Amino acid sequence: MLKVVNLKKTFDKGLVTEKEVLKGISLELKEGDFVTVIGSNGAGKSTLLNSIAGTFSLDEGQIFINDKDVTNLKEFQRAKYIGRVFQDPLTGTAADMWIEENLALANRRGNKRGLKPGITNEERKKYFEVLKGFDLSLENRMTTKVGLLSGGQRQALTLLMATLHKPQILLLDEHTAALDPKTATKVLELTNKVVTENHLTTFMVTHNMKDALKYGNRLIMMNGGKIILDVSGKDKEKLEFNDLLKMFDEAGGVVNDNMILS
C-alpha cells in the first residue's frame, strides 16, 4: 500500500545550519497496517511523514502509494490518496465555517463542482450519523462554527474529515500533542476505533512511548534520520515499556522526558 525507497533529505544545504534529516529510509506498509512511529526530537519522524505527504521535495528516493509512483506529485495532487490530521488543532478545518460546511467540503473533495444546493438533507443525515458515532455531542451542533469548538473536538472533526472517504493512507502527525492528557486519550481511542473499523493503512507519529506501544500493530523507532527499530505483530504485543527503553538505548537512541512522561 505504501512503499518508500532510499529517502534522503538535507535541509539548509551549504549553510552552517545544514542538517541531514533522512539518511536513506526504506519502508513498506501493507494494507491495514497501523504503524506508530516514535523518536526523540530531530529523529526525522515528522520529516518522513511530510515527505510522504509531499510537503517538500526529496534529494533522493521514491514514494509509491498503492503501486503508483507519487514521488514527483505536489502535495495537493497527493491529497486524493492521503488523509491527514495535523498536530495543531487549528489546522485542517475552516474556523469560520459551520461543522456541516466543513464536512461538506471534505465529502466533496476531488469531485467536480457544479450548481447544486450547498448541503442536501441526505448529506445532513449522513453527517449526523457519523458525528453521533464519535460520542462528542457534535451531531447536535452542526451549525456551530468550528472555531468555537475545543481543541479535542476540532481534532476529532479533522479526523472525521480525513477519513470520510476512505484514504489509501492516513497520516497522523503527533495529532494529540497539543491536547491535555484526558482529551488526548479520548482522541486516541477515537482514532483507534476509526482506523480499526475502516481497516485504514495508518502512519502515526507520536512522541509518547506508551501510546506507541498501546496502539497499532507495528512500531518503528527513528534516531538520527534512520530507522533503528521495527517490530510488529506478536513481537510488538509482547513488548513492555522497559523493554522498549532498553532496545532504544541499545540501538543508540536518545530518550527525552516527553517520550516517557507525556
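Calculation rules
Residues numbered from 1 in each chain as written. Predicted model: local features only at pLDDT ≥ 70, side-chain atom pairs only at ≥ 80, totals over all residues. Heavy atoms only, no water. Phe/Tyr/Trp six-rings, centres within 6.5 Å; stacked < 30°, edge-to-face > 60°. Helix = DSSP H or I, 4+ residues; strand = E, 2+ residues; numbered from the N terminus. Buried < 20%, exposed > 50% of the residue type's maximum accessible area, 1.4 Å probe, protein only. Lys NZ or Arg CZ within 6 Å of the ring centre and 35° of its normal. pLDDT = per-residue confidence, 0-100. Salt bridge = Lys/Arg side-chain N within 4 Å of Asp/Glu carboxyl O. Pairing = 2+ DSSP bridges. Axes fitted to C-alpha atoms, helices over the stretch in contact; angles between N-to-C directions. Contact = heavy atoms within 4.5 Å.

## Observations regarding the packing of aromatic side chains
Each aromatic ring pair is described using two quantities: the centre-to-centre distance and the angle formed by the ring planes. For the coordinates displayed, the defined rule picks out 1 aromatic pair. Taken together, a centroid distance of 5.4 Å and an interplanar angle of 85° make the contact between Phe11 and Phe56 edge-to-face. Placement of the pair is Phe11 in strand β1 (residues 2–11) and Phe56 in the loop between α1 (45–53) and β4 (60–65), with a sequence separation of 45 residues. Judged by relative accessible area, which is 31%, Phe11 ranks as partly exposed. The lysine or arginine in question, Lys210, covers the ring of Phe241, its NZ or CZ lying 5.7 Å from the ring centre.

## What about the confidence of the model for the chain?
Residues with a pLDDT of 70 or more make up 92% of the chain, whose mean pLDDT is 89. Per-element averaging of pLDDT across the chain places helix α10 (residues 257–261) at the bottom with 57 and strand β8 (residues 202–205) at the top with 97.

## Considerations on unusual backbone geometry
Backbone geometry follows two general trends: most residues other than glycine have a negative phi, and most peptide bonds adopt the trans configuration. Even without glycine at this site, Asn6 takes up a positive phi of about 55°. With respect to the helices and strands, Asn6 occurs in strand β1. Overall, Asn6 belongs to the partly exposed group, its relative accessible area being 31%. Unusually for a residue other than glycine, Asp67 sits at a positive phi of about 70°.

## Some details on the pattern of salt bridges
Taken as a whole and judged by the stated rule, the model has 8 salt bridges. For Glu60, the salt bridge goes to Lys8, with nearest N and O atoms at 3.9 Å. Residue Glu60 is located in strand β4, and its partner Lys8 is located in strand β1; the two are separated by 52 residues in the primary sequence. Relative accessible area serves as the criterion here: at 28%, Lys8 is assigned to the partly exposed category. Between Arg84 and Glu75 there is a salt bridge; the shortest N-O distance is 3.6 Å. Of the residues examined, Arg84 reaches a relative accessible area of 14% and is grouped as buried. It is possible to trace a salt-bridge network through shared partners that takes in Asp33, Arg218 and Asp230.

## Thoughts on the sheet that holds strand β7 (residues 169–173)
Remark on secondary structure: sheet strands pair via backbone hydrogen bonds, oriented parallel or antiparallel. The strand order across the open sheet built from 6 strands is β6-β7-β8-β3-β9-β10, with neighbouring strands paired in mixed fashion. The sheet is open, and its two borders are formed by β6 (82–85) and β10 (226–232), each paired with just one other strand. Mean inter-strand twist for the sheet, computed between neighbouring axes without regard to direction, equals 15°. Looking at chain direction, strand β3 (residues 34–39) and β8 are connected through 4 bridges and run parallel. Following the sheet pairing, Val35 is matched in β8 by Phe203.

## Quick notes on the sheet that holds strand β2 (residues 19–29)
Taking strand neighbours across the sheet as the criterion, the 4 strands line up as β2-β1-β4-β5 in an open arrangement whose pairing is antiparallel. Edge positions in the sheet fall to β2 and β5 (68–69), since each has one partner strand and no second. In this structure, β1 lies alongside β4, joined through 5 bridges in antiparallel fashion. Across the sheet, Lys3 pairs through a bridge with Phe64, a residue of β4. Of the strands in this sheet, β1, β2 and β4 are in contact with α1, which crosses β2 at around 65°.

## So, the pairing of β3
For β3, a buried count of 6 out of 6 residues is recorded, marking the element as mostly surrounded by other parts of the structure. Alternating residues of β3 divide into Phe34, Thr36 and Ile38 and Val35, Val37 and Gly39, and every residue in both groups is buried. The pairing of β3 with strand β9 (residues 218–223) spans 5 bridges and is classified as parallel. Directly across from Val35, in β9, lies its bridge partner Arg218.

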